[in-house]
Amino acid sequence: MSEPDSETGVIIAMLERMRTQRLPRALDLREKVERGERLESFDIQFLGDVLADAQSQQSQWDSHPELHEIIARLMHLYHEITNRALENEEQPVSPG
């Protein structure tokens, strides 16, 4: 596989992973925090893993301006989740 074909294959795989795994999970987390629930440790680990992957792949994304809008939207989604999760953490725990 040539270099451009290899890079295209990697990007297709990353987009597919985003569509089938990461986006559905992120949308579930957004619903969870919008209900006022707190994130579990595995939820926080998921967000950390996603952000670490995004950081490690940034140079690859930067060379594909056609993907910038979708990446910006995803980053906004993660920002919404983390902001709301922080708000939820600051709320007193109600007795069960």
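These numbers come from a predicted model, not from an experiment.

**Student:** Could you clarify how one ought to interpret the overall build of the protein in this entry?
**Tutor:** Across its full length, the protein carries four helices and zero strands. For the protein, the succession of helices and strands along the chain, N to C, is α-α-α-α. Over its C-alpha atoms the protein spans a radius of gyration of 16 Å, topping by over 25% the 12 Å that the globule rule assigns to 96 residues. For the protein, the spread of C-alpha atoms along the three principal axes comes to 60 × 20 × 20 Å. Relative to its full complement of 96 residues, the protein shows a buried share of 25%. Considering only contacts in the protein between residues 6 or more positions apart, those separated by 24 or more positions represent 73%. Per element, the accessible surface of the protein, about 6,800 Å² overall, is 54% carbon and sulfur. Between the centroid of the 10 positive side chains of the protein and the centroid of its 19 negative side chains there is a distance of 7 Å.

**Student:** I'm lost on the nonpolar core in this one. Help?
**Tutor:** A general tendency of soluble globular proteins is for nonpolar side chains to be buried together. Of all hydrophobic cores here, the largest spans 18 residues; its most connected members are Leu-29, Leu-39, Phe-46, Leu-47, Trp-61, Tyr-78 and Ile-81. Of all the secondary-structure elements, those providing two or more residues to this core are helix 1 (3–34), helix 2 (41–56) and helix 4 (68–90). Aside from chain neighbours lying at most four places away, what touches Leu-39 is Leu-29, Lys-32, Val-33, Ile-44, Leu-47, Ile-81, Ala-85 and Glu-89.

**Student:** Would you mind going over the side chain of Lys-32 with me for this structure?
**Tutor:** Secondary-structure assignment places Lys-32 in helix 1. Lys-32 has contacts with Glu-37, Arg-38, Leu-39, Glu-40 and Asp-43, leaving out every residue within four places of it along the chain.

**Student:** How do you make sense of the confidence of the model for the protein when you look at a structure like this?
**Tutor:** As a general rule, the predicted coordinates of low-pLDDT regions are not to be interpreted in detail. Predicted confidence across the protein gives a mean pLDDT of 88, with 94% of residues reaching 70 or more. The spread of mean pLDDT over the elements of the protein runs between helix 3 (residues 58–62), the lowest at 80, and helix 4, the highest at 93.

**Student:** Would you explain the pattern of salt bridges in this entry?
**Tutor:** Side-chain pairs of opposite charge can arise where the charged atoms are in close proximity. Tallying each qualifying case throughout the model produces ten salt bridges. Between Arg-25 and Asp-43 there is a salt bridge whose closest N-O contact spans 3.1 Å. In this pair, Arg-25 is assigned in helix 1 and Asp-43 in helix 2, connecting sequence segments 18 residues apart. Judged by its relative accessible area of 27%, Arg-25 is partly exposed. The partner of Arg-73 in a salt bridge is Glu-69, with the nearest N and O atoms 2.9 Å apart. Of this pair, Arg-73 and Glu-69 both sit in helix 4, four residues apart, which is roughly one turn of the helix. Of the two residues, Arg-73 and Glu-69, both sit in the exposed class. Several salt bridges converge on common partners, so that one network encompasses Arg-17, Arg-22 and Asp-53.

How each quantity is defined
- Residues numbered from 1 in each chain as written.
- Predicted model: local features only at pLDDT ≥ 70, side-chain atom pairs only at ≥ 80, totals over all residues.
- Heavy atoms only, no water.
- Helix = DSSP H or I, 4+ residues; strand = E, 2+ residues; numbered from the N terminus.
- Rg over C-alpha atoms; globule rule 2.2 N^0.38 Å.
- Buried < 20%, exposed > 50% of the residue type's maximum accessible area, 1.4 Å probe, protein only.
- Contact = heavy atoms within 4.5 Å.
- Areas by Shrake-Rupley, 256 points an atom, 1.4 Å probe, with all protein chains shown as cover.
- Lys, Arg positive; Asp, Glu negative; His and termini not counted.
- Charge placed at Lys NZ, Arg CZ, Asp CG, Glu CD.
- Core = buried A, V, L, I, M, F, W, Y, C linked by side-chain atoms within 4.5 Å.
- pLDDT = per-residue confidence, 0-100.
- Salt bridge = Lys/Arg side-chain N within 4 Å of Asp/Glu carboxyl O.

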